[in-house]
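A closer look at the structure
What follows is each chain in one-letter form.
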Amino acid sequence: MIFSIGKRASRDHREAIMLQVEASQSKENKKEVVAEALKKRGEFGYTEKETNERDANLLLIRARRFLDWVKSKL
């Protein structure tokens, strides 16, 4: 949430849920998410190039969001 909307939830779970909803309402193009994931997979899966933990976690979060979006449409 800090990366997406620049906010951090307190220990209140209700606040955390509201911020998650706010963070997930990005206008990011789903095609771009898939294209970037495939590019990164090829880049790191077939070469010796490495990534850092932050970028890997960000890609994982975006992939999970995409899959959740797909599930919501089925």
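Residues numbered from 1 in each chain as written. Predicted model: local features only at pLDDT ≥ 70, side-chain atom pairs only at ≥ 80, totals over all residues. Heavy atoms only, no water.

**Considerations on the overall build of the protein**
Of regular secondary structure, the protein possesses four helices and zero strands. When the helices and strands of the protein are listed from N to C terminus, the series reads α-α-α-α. As displayed, the protein offers around 6,600 Å² of accessible surface, 55% of which is attributable to carbon and sulfur atoms. (Helix = DSSP H or I, 4+ residues; strand = E, 2+ residues; numbered from the N terminus. Areas by Shrake-Rupley, 256 points an atom, 1.4 Å probe, with all protein chains shown as cover.)

**Description of the confidence of the model for the protein**
In this model, the protein carries a mean pLDDT of 76, and residues with pLDDT of at least 70 account for 80%. Element-level pLDDT for the protein is lowest in helix H1 (residues 2–5), with a mean of 67, against a maximum mean of 84 in helix H4 (residues 53–73). (pLDDT = per-residue confidence, 0-100.)

**Examining the pattern of salt bridges**
Here the structure, examined in full by the defined rule, presents one salt bridge. Taking the shortest distance from any N to any O, the salt bridge between Asp55 and Arg54 comes out at 3.4 Å. (Salt bridge = Lys/Arg side-chain N within 4 Å of Asp/Glu carboxyl O.)

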